[in-house]
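Reading the structure
The chain contents come next:
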Amino acid sequence: MSVRVRFAPSPTGYLHVGGLRTALYNYLFARRHGGVCILRLEDTDRTRLVEGAMEKLIESLAACGIEFDESPLKPGNHGPYIQSERLDLYKTHAEKLHQSGKAYFAFDTAEELQAMRERRQEQEGGGGYDRKKMRNEITLGAEATQKLIADGADHVLRLLVPENDTVEFEDVVRGRISVRSGDIDDQVLLKSDGFPTYHLANVVDDHLMEITHIIRGEEWLPSTAKHILLYDAFGWEAPRMAHLPLLLNPDRSKLSKRQGDVAVEDYLSKGYLPEALVNFVALLGYNPTGDREVYSMQEMIDLFDLSKVNKAGAVFDLQKLDWMNFEYLKNLDPQRAARELMPAVRAAGYDVDADYVARCFALLRERLRFTADLLTVGDYMFADPREFEEKFRKKHWKDNTAELVQPFVEQLRRAETFDHESLHKLAEAYTAEHEIGFGKLMNPIRLMLTGKGAGAGMFETMELLGRDTCMRRIDAFLGSLA
Ligand code: GLU
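The structure contained in this document is the topic of the report that follows. Owing to the predicted nature of the structure, the values given are computational and were not obtained by experimental measurement.

Looking only at helices and strands, the protein has 21 helices and twelve strands in total. Radius of gyration (C-alpha) of the protein: 32 Å, far over the 23 Å computed for a compact globule of 482 residues. Relative to its full complement of 482 residues, the protein shows a buried share of 48%. Sequence-distant contacts in the protein: of pairs separated by 6 or more residues, those separated by 24 or more amount to 72%. When the accessible area of the protein is evaluated, it comes to approximately 23,600 Å², of which 49% is carbon and sulfur surface. Counting 62 positive and 77 negative side-chain charges, the protein places the averaged centre of each group 2 Å from the other.

Following this line, the structure appears as structure tokens:
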């Protein structure tokens, strides 16, 4: 049987980092086994609809390199599956359950349900829907029920949960799980607006889409027993279950917005590289080899093993994400960095081409946190410095410095070639001849050319800036001293 999995988000308007991990694990599992990974939008909760959420979600997933086999990202294929377009299916299946006596209609109002909960809380210490005391098909009988429905009374359809039973299933991550059916509510399957609940639509779709493995977050574990009962009621075999560990804040509380961003879009717009974010998220649950942290998508696919996923919650450690991002930044293709930076370079009015930006990036990448930092950390690669770091200046520009560097400046002006190797040789010869340390010469040069105390190798910087720019800056600086 070939593997079929799905990512089934409710479109909330953003992609949660936990959602990204779920999508990724499904994707890796499908690719690992030559199977199919489906995108399905679970949008039957009409009160929570967000305009444009689906497009945003698909965009974020695509940015992270996660593609679905049946989605609009691949023209010609159908999908994603959108539950609100499949309402008739859920209705038909709900009717089947009703006809076979596995589900019943109920007419309770919100107030009646509230009163029931309060009463059960006080008298019985809690409990779910009290089917024997409420207004439903069981207490009213079939005839009265049909009449109420014909008269247009608001109603829902509930699952008749068997009494004194045990629901058992095997979770790939968590092992054998067993729940007493008495602890499971007679869940609503069809709401009064005619829409299915998450439970019904989810189970019907997973069955009809021939899903073999359900891989999702641990927060859905409590729903699983209900789903197993539904599969039983339909007479269907349930897919295999795998519930991924919770994501935690560093203080081990559940990952929340209060302690940092949770939206993938926010991380991407801050400048985290999608590959770094994906690699980081992939390790929230397990490490394929245990001896390293950086994996390409292909390696993650080749090594993916669902049975190795941990039960324990995984801490979402921003410092580790920063570290991961830096690892990717160090190896990022400079041409790609330049392509991403060009709009900002143009907006800032710098008259340079992508090739120049790529070379600047390659030179300075070790000093950046995000690609876009090139324009601040390396601002002097694009415009003459207007400010000069006071501390650095005080330390390296003494009364005799101008005199000391002057002959070297003239050598630069006349040098035959202006590549970093010849510049290096020139500086070596000069410092040897004048018997001064390298810093005595090069720190003042750095100050005049960049205004900053730290940066990439000076000779490479000079080569990239070019002779005209270097001389213009030096002359301006020396001229300002007069
Ligand atoms: N719609 C659920 C969500 O928003 C899907 C849970 C599942 O994968 O079954 O995450």
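What follows picks up the thread again.
All right, on to unusual backbone geometry then. Here Glu210, not a glycine, exhibits a phi torsion of approximately 55°, which is positive. For Glu210, the location among the structural elements is in the loop between helix H7 (198-208) and strand E9 (213-217). If you check the backbone angles, Arg252 has positive phi at about 70° while not being a glycine.

Attention now moves to empty space enclosed by the protein. Inspection of every chain in the model, using the stated rule, returns one cavity of 30 Å³ or more. Of the pockets and cavities examined, the largest cavity occupies roughly 60 Å³. In terms of lining residues, the largest cavity is bounded by Tyr25, Leu28, Asn279, Ala282, Leu283, Tyr286, Pro288, Tyr295, Met300 and Phe304. Those elements giving two or more residues to the lining of the largest cavity turn out to be helix H1 (17-32) and helix H10 (274-282). Along the lines of polarity and charge, the residues of the lining of the largest cavity split into nine nonpolar, one polar and no charged.

Here we come to the pattern of salt bridges. Pairs may arise between side chains of opposite charge once their charged atoms sit close together. Tallying each qualifying case throughout the model produces 33 salt bridges. The partner of Arg180 in a salt bridge is Asp183, with the nearest N and O atoms 3.2 Å apart. Asp183 sits in the exposed class, given a relative accessible area of 52%. A salt bridge links Asp384 to Arg472; the nearest nitrogen and oxygen atoms lie 2.8 Å apart. Pair noted here: Asp384 is in the loop between helix H15 (374-377) and helix H16 (390-396) and Arg472 is in helix H21 (residues 467-481), with a separation of 88 residues, a long-range link. Take Asp384: its relative accessible area is 31%, and that puts it in the partly exposed class. Taken together, the shared-partner salt bridges in this structure form one network comprising Arg6, Arg40, Glu42, Arg86, Asp205 and Asp206.

Read across the open sheet, the three strands follow the order E1-E2-E3; overall the sheet is parallel. Sheet topology places strand E1 (4-7) and strand E3 (81-82) at the edges, where each strand pairs with a single neighbour. Across the sheet, H1 touches E1 and strand E2 (36-41), and the angle it forms with E1 is around 165°.

Calculation rules
Residues numbered from 1 in each chain as written. Predicted model: local features only at pLDDT ≥ 70, side-chain atom pairs only at ≥ 80, totals over all residues. Heavy atoms only, no water. Helix = DSSP H or I, 4+ residues; strand = E, 2+ residues; numbered from the N terminus. Rg over C-alpha atoms; globule rule 2.2 N^0.38 Å. Buried < 20%, exposed > 50% of the residue type's maximum accessible area, 1.4 Å probe, protein only. Contact = heavy atoms within 4.5 Å. Areas by Shrake-Rupley, 256 points an atom, 1.4 Å probe, with all protein chains shown as cover. Lys, Arg positive; Asp, Glu negative; His and termini not counted. Charge placed at Lys NZ, Arg CZ, Asp CG, Glu CD. 1 Å grid on protein atoms, 1.4 Å probe; cavity = no way out; pocket = protein on both sides within 12 Å on 5 of 7 lines; lining within 4 Å. Points joined across faces, edges and corners; volume = space filled by probe spheres on them. Nonpolar A, V, L, I, M, F, W, Y, C, P; charged D, E, K, R; others polar. Salt bridge = Lys/Arg side-chain N within 4 Å of Asp/Glu carboxyl O. Pairing = 2+ DSSP bridges. Axes fitted to C-alpha atoms, helices over the stretch in contact; angles between N-to-C directions.

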